Amino acid sequence: MDKDTLSELHRIFQDVQSKSDWKSALDTLFNSMRSSFVFDNVAIYLSDRQTRGLDVVYARAMGRGKAAEADAAWGESVANDVISNEHMVIHGPQKGTNRKDRMTQTFLLGIPLYVGEKLRGALLFVRFGGPEYSDIHIHVASLQAIWAAALIERRELQEARAELDSVQRQMRLQDDFVSTISHELRTPLGFIKGYSTSLLRQDTKWDDATQREFLSIIDEETDRLAKLIEDMLESARLQSKTIQFKFSPIRLDALVRDVTARVRTHHTQLEIDLKLDILPPVLGDGVRLSQVLENLFSNAIKYAPGSSITVAGKAVGNKVRLSFADEGEGIPEEFIPFLFERFYRVPGERTVTGTGLGLYICKQIVMAHHGNIWVESVLDHGTTFFVELPADPTL
Ligand code: ATP
Ligand code: MG
């Protein structure tokens, strides 16, 4: 190999390796090699591990001729041939095709793709109107096949790693959940048991005021326990999609006012500013949507104590968008992607109780309405949750 070829290969190798995304790495590979190996279209077929069918995972139209990726059907039978017989396939134009019509003069080259010793698929090239593939072309194409297979393996490893990370995170969440939930269940139970045992003691007489105080603690703790159990069941039902939503036309501005009035009766000091336009109706389940708002209120009250809350509603295109802003401490950016996961709570020192179900429930409800929920937060300035639902054009 002469020095120029070697340094050219070196450059290509570096270029391809530097791409973090496997498709742009393949683009770079095929583009760079086109100086020594010309073709019009390229496609990669992989056999699906489960269905055993063929998937086109990559297709590009580089040269003249047929339009791009969508149409990779041209290679399917050749890919099948390569894969079932585990060998290279070279096809010239079929007999009887019109020699003058370049597009019918297809020269196909199919090369098996091995990941390790396993045959995973085929790399296909097509040239319209020739020329035929020479030995040197076949060598270059085979080199590209080895390279492409390595890139595919890299992609598969990346995917496997991401899956593993997600499984590990789920397992960690489950662990955290067990400790959170046992604490959350035990605390109210402890109060209920303790105060009712005290009230039942034969050897002590409690005055009326004390009895009422104990009973109201028992009452509050029972509510807390009931909410916790209800949230757990609700999240399990939402996850298994066994909830029946009852959809009807709903005005979100009216719904926000209702929920706000209810929240105000329990939190008389809380400052809530409403900035609601008259909103177009959405098709929604009023009970479930109220639950979303209640959870957002509950969070703002818990995590931004003393802050005022601003709820705004406006129409954005053909959607209705609610924003729900507090002026609390905010949420560090690195935790934001996980907030809507089941059982997720921002880690750290905490005195506030919770199970990490609230936002998961919100998200599932909003998704069932074909809507979207997201959050923006600025440390020391506050957190804003957004809920967007499609306006119903038929109403
Ligand atoms: P639950 O709602 O099930 O009682 P929770 O409030 O901990 O428990 P989520 O409502 O899902 O669970 O909230 C997840 C986490 O997001 C919370 O633990 C909290 O750390 C963070 N969070 C939610 N809302 C806010 C907010 N307004 N400001 C700061 N942090 C918030
Ligand atoms: Mg919550």
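Residues numbered from 1 in each chain as written. Chains lettered and ligands numbered in written order. Predicted model: local features only at pLDDT ≥ 70, side-chain atom pairs only at ≥ 80, totals over all residues. Heavy atoms only, no water.

## A look at the overall build of the protein chain
Per the secondary structure count, the protein chain includes eight helices and twelve strands. Its C-alpha atoms give the protein chain a radius of gyration of 32 Å, more than 25% over the compact-globule value 21 Å for 395 residues. Across its three principal axes, the protein chain shows a C-alpha extent of roughly 105 × 50 × 40 Å. Per-residue burial for the protein chain yields a buried fraction of 41% across its 395 residues. Accessible surface for the protein chain amounts to roughly 22900 Å². Of this, 53% is attributable to carbon and sulfur atoms. For the protein chain, the distance from the average position of its 46 positive side-chain charges to the average position of its 55 negative side-chain charges is 4 Å. (Helix = DSSP H or I, 4+ residues; strand = E, 2+ residues; numbered from the N terminus. Rg over C-alpha atoms; globule rule 2.2 N^0.38 Å. Buried < 20%, exposed > 50% of the residue type's maximum accessible area, 1.4 Å probe, protein only. Areas by Shrake-Rupley, 256 points an atom, 1.4 Å probe, with all protein chains shown as cover. Lys, Arg positive; Asp, Glu negative; His and termini not counted. Charge placed at Lys NZ, Arg CZ, Asp CG, Glu CD.)

## Quick word on the pairing of strand S5 (residues 118-128)
Judged by how many residues are buried, S5 sits mostly within the fold: ten of eleven residues are covered. With six bridges connecting them, strand S1 (residues 41-47) and S5 associate as antiparallel partners. Along S5, the bridge assignment pairs Tyr45 with Ala122. In terms of strand pairing, strand S4 (residues 106-115) meets S5 through ten bridges, oriented antiparallel. (Pairing = 2+ DSSP bridges.)

## Here's the deal with the side chain of Gln105
Along the polypeptide, Gln105 turns up in the loop between strand S3 (89-91) and S4. By relative accessible area, Gln105 is classed as buried at 9%. The residues contacting Gln105, other than those within four sequence positions of it, are Pro93, Thr97, Asn98, Arg99, Arg127, Phe128, Gly129 and Gly130. (Contact = heavy atoms within 4.5 Å.)

## Focus: the domain arrangement of the protein chain
According to the domain assignment, the protein chain contains domain 1 (3-157), domain 2 (163-239) and domain 3 (248-390). Computed over C-alpha atoms only, the centres of domain 1 and domain 2 are separated by 62 Å. (Domains from an automatic or database assignment.)

## Regarding the packing of helix H1 (residues 3-18) against helix H2 (residues 22-33)
Two packed helices can be described by the angle between their axes and the distance between those axes. Where H1 meets H2, the axes come as close as 8 Å, and the angle between the chain directions of the two elements is 160 degrees. For the element pair H1 / H2, the angle class is roughly antiparallel. Helix-helix and strand crossings are classified by hand; for H1 and H2 the assignment is right-handed. Facing Ile12, Asp15 and Val16 of H1, the residues of H2 in contact are Ala25, Thr28, Leu29, Ser32 and Met33. (Axes fitted to C-alpha atoms, helices over the stretch in contact; angles between N-to-C directions. Parallel < 35°, antiparallel > 145°, perpendicular 65-115°, else oblique. Left-handed = near helix turned anticlockwise from the far one by under 90°.)

## With respect to the environment of Phe107
Within the secondary structure layout, Phe107 lies in strand S4. A relative accessible area of 12% places Phe107 in the buried class. Residues Phe107 and Phe39, 68 residues apart in the sequence, show an inter-C-alpha distance of 9.3 Å. Discounting chain neighbours no more than four positions away, the residues touching Phe107 are His91, Gly92, Pro93, Phe125, Val126, Arg127, Gly129, Gly130, Pro131, Glu132 and Tyr133.

## Observations concerning the site of ligand 1
Near ligand 1 there are 18 residues, and of these Tyr303, Asp326, Arg345, Leu357 and Leu359 occur at the shortest range. Within the side chain of Arg345, an N or O atom sits 2.6 Å from an oxygen atom of ligand 1. The separation between an oxygen atom of ligand 1 and a polar side-chain atom of Thr355 is 2.9 Å. Broken down by secondary-structure element, the contributors of at least two residues to the shell around ligand 1 are helix H7 (286-303), helix H8 (358-368) and strand S12 (382-390). Sort the elements by how many residues they give to the shell around ligand 1 and H7 lands first, with three residues. Its residues placed into classes, the shell around ligand 1 shows eight nonpolar, six polar and four charged. (Near = heavy atom within 4 Å. Polar contact = N/O pair within 3.5 Å; in protein donor to acceptor, adjacent residues only side chain to side chain. Nonpolar A, V, L, I, M, F, W, Y, C, P; charged D, E, K, R; others polar.)

## Comments concerning the packing of aromatic side chains
Going through the model one piece at a time under the given rule, you end up with 16 aromatic pairs. Arranged with centres 6.3 Å apart and planes meeting at 10 degrees, the rings of Phe191 and Tyr195 form a pair that is stacked. Remark: Tyr195 and Phe191 occur in helix H4 (residues 135-200); sequence separation between them is four residues, near one turn of the helix. Given a relative accessible area of 23%, Tyr195 falls into the partly exposed group. Pairwise contacts between aromatic rings join Phe30, Phe37, Phe39, Tyr58, Phe125 and Tyr133 into one cluster. Positioned over the ring face of Phe39 is Arg34, at 5.5 Å from the centre of the ring. Sitting over the ring of Trp22, Arg155 keeps its end group 4.4 Å from the ring centre. (Phe/Tyr/Trp six-rings, centres within 6.5 Å; stacked < 30°, edge-to-face > 60°. Lys NZ or Arg CZ within 6 Å of the ring centre and 35° of its normal.)

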